[in-house]
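The chain contents come next:
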Amino acid sequence: MTGKILDGKLFAAQIRGQVAEHVARLKGSHGLTPGLAVVLVGEDPASEVYVRSKGKQTVEVGMASFEHKLAADTSEADLLALIAKLNADPEVHGILVQLPLPSHLNSDLVINSIDPAKDVDGFHISNVGLLGTGQKSMVPCTPLGCLMMLRDHHGSLSGMNAVVVGRSNIVGKPMAQLLLGDSCTVTIAHSRTSDLAETCRRADILVAAVGRAEMIPGDWVKPGATVIDVGINRIERDGKKALVGDVHFESAAAVAGAITPVPGGVGPMTIACLLANTVTACCRANGLEEPAGLTA
Ligand code: GUN
């Protein structure tokens, strides 16, 4: 028996469809075009690919895309000045500063200079605090995408044992907060967890976000569990380049009740949720009702 494959590519396309409908309504009824500004500092090839993809999908759903590409040696003062300008620009509803930043820039300082209402990444300390206290916030895109997939598959998550492997600010910690918000019993595990295999085996919902290729084998998965694989690792296998997750897919799929593939699982959901967050930010900024189903 193989678990159900949770198709993130298909689900993300549906979300983009819903976003496009909301954008059309905002334009038609209110003369508003949601706008997303993406700031890229330097020339990291992976980041350039993401930024291009974000810009393309932003335009495809009918929103305005503002791309700011800055030289790798841009000063902190210049970057902060650009963010201040975007904070004040009424046509910009969402601001994303692509991470990682070059090492001479203080990422925390830069992220916390973004207007929290425009922080579509949900990384600003205000949004982190709001999420942690169960208040309305901007929610980080990757965990939001995972939550949407889990709700879509299970309906209610109430009372389930969820194990999140990974404690990053971008995925692990906000994922745990969202699962707690949906009344799961949540464990945050990580590379120093003393018996990681046994901890994982208790999970009804297992979220892998450690960034280590195929670290979680099938015999760490509880039979029937739902496995969400956030990892995107580039490896070489049989002399060929391959993209794999943090979970060993073949062995895990044989015992899981449901599992996300890599690629085509969580990955496509991230940008779809970024677009959703931008529409949400635009609605909030204008005192309009937020789109249902696109927020946590
Ligand atoms: N780099 C890798 N993932 C992300 C993300 O979700 N947001 C930003 N801003 N940078 C990233």
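Above this text you will find the structure in question.
Residues numbered from 1 in each chain as written. Predicted model: local features only at pLDDT ≥ 70, side-chain atom pairs only at ≥ 80, totals over all residues. Heavy atoms only, no water.

## Description of the nonpolar core
One broad trend across soluble globular proteins is that nonpolar side chains are buried collectively. One finds Val19 and Leu179 to be the most contacted residues of the largest nonpolar core, which totals 55 residues. Counting residues per element, the ones that place at least two in this core are helix H1 (8-30), strand S2 (35-41), helix H6 (141-154), strand S5 (161-165), helix H7 (172-181), strand S7 (205-208) and helix H10 (267-285). Here this core takes 11 residues from H10, the largest share from any one element. In contact with Leu179, not counting residues within four places along its chain, are Leu150, Leu157, Ala162, Val164, Cys184, Val186 and Val207. (Core = buried A, V, L, I, M, F, W, Y, C linked by side-chain atoms within 4.5 Å. Buried < 20%, exposed > 50% of the residue type's maximum accessible area, 1.4 Å probe, protein only. Helix = DSSP H or I, 4+ residues; strand = E, 2+ residues; numbered from the N terminus. Contact = heavy atoms within 4.5 Å.)

## Thoughts on the packing of H1 against H6
Where H1 contacts H6, the two axes come as close as 11 Å, and the packing angle between them is 100°. In terms of orientation, H1 and H6 fall into the roughly perpendicular class. In contact with Gly8, Phe11 and Ile15 of H1, H6 contributes Met148, Met149 and Asp152. Its residues placed into classes, the contact of H1 with H6 shows four nonpolar, one polar and one charged. (Axes fitted to C-alpha atoms, helices over the stretch in contact; angles between N-to-C directions. Parallel < 35°, antiparallel > 145°, perpendicular 65-115°, else oblique. Nonpolar A, V, L, I, M, F, W, Y, C, P; charged D, E, K, R; others polar.)

## Digging into the environment of Thr74
Looking at the secondary structure, you find Thr74 in the loop between strand S3 (64-70) and helix H3 (76-88). In sequence terms Thr74 and Pro102 are 28 residues apart; their C-alpha atoms lie 9.1 Å from each other. Apart from the residues within four sequence positions on either side, Thr74 is in contact with Val41, Leu79, His104 and Leu105.

## Some words on the layout of surface pockets
Estimated volume of the largest pocket: approximately 1300 Å³. Contributing to the lining of the largest pocket are 43 residues, with Tyr50, Thr142, Ile232, Gly267 and Thr270 lying nearest its centre. Counting only elements with at least two residues in the lining of the largest pocket, the list comes to helix H2 (45-60), strand S4 (94-97), H6 and H10. Counting residues per element, the lining of the largest pocket draws most heavily on H2, which supplies seven residues. (1 Å grid on protein atoms, 1.4 Å probe; cavity = no way out; pocket = protein on both sides within 12 Å on 5 of 7 lines; lining within 4 Å. Points joined across faces, edges and corners; volume = space filled by probe spheres on them.)

## What to know about the sheet that holds S2
On the basis of which strands lie adjacent, the open sheet formed by three strands has the order S3-S2-S4 and parallel pairing. Each edge of the open sheet carries a strand with a single partner, namely S3 and S4. Neighbouring strand axes in the sheet, compared pairwise and without regard to direction, differ in orientation by 15° on average. Pairing of S2 with S4 involves four bridges; the strand directions are parallel. For Val39, the partnering residue across the bridge sits in S4 and is Val97. Here H2 sits on the sheet and contacts S2, S3 and S4; the angle it forms with S3, its principal contact strand, is near 160°. (Pairing = 2+ DSSP bridges.)

## Focus on the pattern of salt bridges
Applying the stated criterion to the full structure yields seven salt bridges. Salt-bridge contacts for Glu214 lead to Arg237; the nearest nitrogen and oxygen are separated by 2.5 Å. One end of the pair, Glu214, is in the loop between S7 and strand S8 (226-229); the other, Arg237, is in strand S9 (residues 233-237), with 23 residues separating them in the sequence. Arg237 sits in the partly exposed class, given a relative accessible area of 36%. (Salt bridge = Lys/Arg side-chain N within 4 Å of Asp/Glu carboxyl O.)

## Topic: the sheet that holds strand S6 (residues 185-189)
Pairing within the open sheet is parallel, and its six strands lie in the order S1-S11-S8-S7-S5-S6. Each of the sheet's edge strands pairs with one partner strand only, and the pair in question is strand S1 (4-5) and S6. Where S7 lies against S8, four bridges are found, and the strand directions are parallel. When the bridges of S8 are listed, Leu206 appears paired with Val227. Across the sheet, H7 is in contact with S5, S6 and S7; its angle to S5 comes to roughly 170°.

## Quick word on the site of the ligand
Leu96, Val97, Gln98, Leu99, Asp121 and Phe123 make up every residue found near the ligand. Between Gln98 and the ligand, the recorded distance is 3.3 Å, taken from a side-chain N or O atom to a nitrogen atom. Residue Asp121 places a side-chain N or O atom 2.6 Å away from a nitrogen atom belonging to the ligand. Protein chains shield 78% of the accessible area of the ligand, which is 280 Å² for the free molecule. Because more than half of its atoms lie within 2 Å of the grid, the ligand is assigned to the largest pocket. Among the residues making up the shell around the ligand, the classes are represented as four nonpolar, one polar and one charged. (Near = heavy atom within 4 Å. Polar contact = N/O pair within 3.5 Å; in protein donor to acceptor, adjacent residues only side chain to side chain. Areas by Shrake-Rupley, 256 points an atom, 1.4 Å probe, with all protein chains shown as cover. Sits in = over half its atoms within 2 Å of the grid points.)

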